[in-house]
Amino acid sequence: MDRAVKIVLFSVIFLASQINCQEAILRISNGNTERDYCIVHNHSWTPLSETLDAALQYPLVNLTSTVLCNTSGVNPDLVNGKAVMVMRGDCDFSQKARVAQSLNATALLIASNKALTTPTANDSEYAKVHIPLALMRYRDFLEAQQVFGDVMQAKLYAPPNSKIDASIAVMLLIAIVTIALGGYWSGTCERDRLNGVSGGGGESKADSGELFLYSPLKVVFFVALMCGMLVLMYFFYSVLVYVIIVIFCLASASALFSCFDAVLDLVGCGTGSFSIRNHNFSVRSIILAAVCITIAVVWGVYRNEDRWIWILQDLLGVAFCLNFMKTISLSNFKICVILLSLLLLYDVFFVFITPFFTKNGVSIMVQVALGPDASGEKTQGNMVEVPAEPQAPSEKLPVVMRVPRFSAWAQNLCMMQFSILGYGDIIVPGLLVAYCSRFDVWINSRRKVYFVSCCIAYFLGMILTFAVMLLSGMGQPALLYLVPFTLITCAVVAACRGEMRQFWAGTTYEVLDSSREPLLPEGRTDYSVEGEKC
């Protein structure tokens, strides 16, 4: 009985997640070659088959020399039993459809040089049209003519779009793996530091470039700086976006180098050093630098190519997040609570509150993340608008992971659709995960209780975030769910283990002292590292 209830519940959820979109697919073939093209129809007015196998195939007749507002100049025998392609303009869609019906056409395709909009008509006209009607880009039809000539067979179908897409699972996997690797890396660096592992020259390799946040005042200043930068980006986006792109290229190339270098150290790959004029050079470092710079430059040049560049952006984004989690260290749980709480308020304010103050009703966070002049498909209710011609690419900030929606076949033909996750939704909880990993090192926790617990809490928070997003049909500020999940979980674990005092105080380093010792005498061996400065 329970199994039957679960099956029924799953079926209801799956069916509820299927939505009928206004984008559809036109399959043109000639027996040897076939291609798919984007079309826009009105599902409520002229619904199409949901699968290619169920769609009827019609010969396609080129009548783009006419707008088909009447039957004059059209040979009925040429149109009878066939799908016709006519030009947009001079009369409304319903009149063209009625004329096509009077000529016994089986489907009407309207070629458009303007943006493709969902075809509509007066309420009284809907019942008079009984044949499929859809709009197509005129440039797509010209391309089809070059490929197929005058002999074309057409099928029109509209596969339903599922809200539950495989891209969500891929995005979840990227986030979890990044969080886990970043936390593990931070803990490993802390262990090496305490053991005094040196990278040469007396300086611990794990210490290089590391920044500690130990003052609540610095945390407040950091969050205020983020607020100011976001507001500046909102008002001066067209200029600052290029500054951010250049900074991202430099920072991500450096981060990718650090990640690859750490992996090669882990597998024991040699450096292959050589010297020129008393200067030592590493062959491995030179090759790695060339590879990382090349990847960053390729992304910078082709950053607006949606079809494949998202792979490089995600690769650079993962490296950037990992390096950030390893480089920025929070000294204790108190700092974690202050930082994550302030960033939660920051996220909620700029997502939910700012739409009440902006002219277009769009939140500052969304406007900055997606770009104020972002071209592409625009939707409002049941209406859709797809550009008829290629648009000049609009610059977008490289601050999100992007994965294309795999099930949105028709939508991707019209304009690539992506699931996105901001870097901040990985980095901010990741700083807490990294602190938990370091705390496990300080107390010699072999099972890494805090690290594992925080990773599980992050995973559950992400699941809740995606669930709310699917149920509400709108994007969510992930920190609204991730921050409570991770903070409360860590606090409960520390309280249950009787280590809340140590976990809250963490490790404090004297700013001007030449030595630093974690102030955690309980449960671990004391280490002393000389010659290191905070």
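Because the structure is predicted, anything quoted here is derived from the model rather than measured.

(A) The nonpolar core, seen in detail. Counting residues in hydrophobic clusters, the biggest one holds 79 residues, and the most contacted among them are Leu432 and Phe503. Here this core takes 11 residues from helix H14 (residues 424-442), the largest share from any one element. Discounting chain neighbours no more than four positions away, the residues touching phenylalanine 503 are Asn332, Phe333, Tyr435, Cys436, Phe439, Tyr450, Cys490 and Ala494. Residues Ala83, Phe141, Ala154 and Leu156 belong to the second largest nonpolar core, which totals 23 residues.

(B) Quick look at the pairing of strand E5 (residues 83-87). E5 sits mainly inside the fold: 5 of its 5 residues count as buried. Neither face of E5 is open: one carries Ala83, Met85 and Met87, the other Val84 and Val86, and all of them are buried. Where strand E4 (residues 57-63) meets E5, 4 bridges bridge the pair, whose relative direction is parallel. Among the inter-strand pairings, valine 61 is bridged to a residue of E5, identified as valine 84. For E5 and strand E6 (residues 107-112), the ladder comprises 5 bridges, and the chain directions are parallel. Its bridge partner being in E6, methionine 85 is matched across the sheet by leucine 109. Handedness of the β-α-β unit built from E5, helix H3 (residues 93-102) and E6 comes out right-handed.

(C) Structural view of the state of the cysteines. Summed over the entire model, instances satisfying the criterion amount to 1 disulfide. Here cysteine 69 pairs with cysteine 91 through a disulfide, and the sulfurs are 2.1 Å apart. Since a negative S-S torsion denotes a left-handed disulfide, the cysteine 69-cysteine 91 link at about -95 degrees is left-handed. Of the two residues, cysteine 69 is situated in the loop between E4 and helix H2 (76-79) and cysteine 91 in the loop between E5 and H3; the sequence distance between them amounts to 22 residues. Neither residue differs from the other here; cysteine 69 and cysteine 91 are each classed as buried. The structure places no disulfide on cysteine 336, whose sulfur is separated from the nearest cysteine sulfur, that of cysteine 436, by 7.0 Å.

(D) A look at helix H8 (residues 237-267). With 31 residues, H8 should reach 45 Å at 1.5 Å per residue; the first-to-last C-alpha distance of 43 Å fits that figure. Every buried residue of H8 is accounted for by Tyr237, Val241, Ile245, Phe248, Cys249, Ser252, Ala253, Ala255, Leu256, Cys259 and Asp261. Along its buried surface, H8 packs onto helix H6 (166-195), helix H7 (216-235), helix H9 (283-301), helix H10 (309-327) and helix H12 (364-370).

(E) Seen up close, the sheet that holds strand E3 (residues 34-41). Spatially, E2-E3-E8-E6-E5-E4-E9 is the arrangement adopted by the 7 strands of the closed barrel, whose pairing is mixed. In this sheet, adjacent strand axes meet at a mean angle of 40 degrees when their direction is disregarded. Here E4 runs beside strand E9 (residues 153-157); their pairing, made up of 3 bridges, is antiparallel. Its bridge partner lying in E9, tyrosine 58 is registered against alanine 154. Across the face of the sheet, H3 comes into contact with E5, E6 and strand E8 (133-137) while running at roughly 135 degrees to E6.

(F) Representation of the pattern of salt bridges. Under the counting rule described, the total for this entry stands at 11 salt bridges. Taking the shortest distance from any N to any O, the salt bridge between aspartate 140 and arginine 137 comes out at 3.4 Å. Residue classification places aspartate 140 among the buried positions, given a relative accessible area of 7%. According to the relative accessible area criterion, arginine 137 is buried, its value standing at 5%. Arginine 139 is the salt-bridge partner of aspartate 140, the closest N and O atoms lying 3.7 Å from each other.

(G) Just the packing of aromatic side chains, in detail. Evaluated as defined, the whole model comprises 18 aromatic pairs. With a centroid separation of 5.3 Å and 45 degrees between ring planes, the pair formed by tyrosine 435 and phenylalanine 503 is classed as tilted. Residue tyrosine 435 is found in helix H14, and its partner phenylalanine 503 is found in helix H17 (residues 500-505); the two are separated by 68 residues along the sequence. Given the relative accessible area of 0%, phenylalanine 503 is considered buried. Taking the centre distance of 5.0 Å and the plane angle of 85 degrees together, the rings of phenylalanine 439 and phenylalanine 503 count as edge-to-face. With a gap of 64 residues between them, phenylalanine 439 in helix H14 and phenylalanine 503 in helix H17 connect regions that are remote in the sequence. With a relative accessible area of 0%, phenylalanine 439 lands in the buried category.

(H) Main features of the environment of proline 404. Looking at the element boundaries, proline 404 is found in strand E17 (residues 400-404). A relative accessible area of 7% means that proline 404 is categorised as buried. Between the alpha carbons of proline 404 and alanine 166 there is a distance of 9.3 Å; along the sequence they are 238 residues apart. The contact partners of proline 404, leaving out residues within four places of it in the chain, are Asp165, Ser167, Trp310, Met416, Gln417 and Phe418.

(I) Quick peek at the packing of H9 against H10. At a minimum axis separation of 10 Å, H9 and H10 run at an interaxial angle of 130 degrees. Comparing the axis directions of H9 and H10 gives the class oblique. The hand of the H9/H10 crossing is left-handed. Touching Ile295, Ala296, Val298 and Trp299 of H9 are Ile309, Leu312, Gln313, Leu315 and Leu316, all from H10.

About the thresholds
Residues numbered from 1 in each chain as written. Predicted model: local features only at pLDDT ≥ 70, side-chain atom pairs only at ≥ 80, totals over all residues. Heavy atoms only, no water. Core = buried A, V, L, I, M, F, W, Y, C linked by side-chain atoms within 4.5 Å. Buried < 20%, exposed > 50% of the residue type's maximum accessible area, 1.4 Å probe, protein only. Helix = DSSP H or I, 4+ residues; strand = E, 2+ residues; numbered from the N terminus. Contact = heavy atoms within 4.5 Å. Pairing = 2+ DSSP bridges. Right-handed = clockwise from strand over helix to strand, strands pointing away. Disulfide = S-S within 2.5 Å. Expected span 1.5 Å × (residues − 1). Axes fitted to C-alpha atoms, helices over the stretch in contact; angles between N-to-C directions. Salt bridge = Lys/Arg side-chain N within 4 Å of Asp/Glu carboxyl O. Phe/Tyr/Trp six-rings, centres within 6.5 Å; stacked < 30°, edge-to-face > 60°. Parallel < 35°, antiparallel > 145°, perpendicular 65-115°, else oblique. Left-handed = near helix turned anticlockwise from the far one by under 90°.

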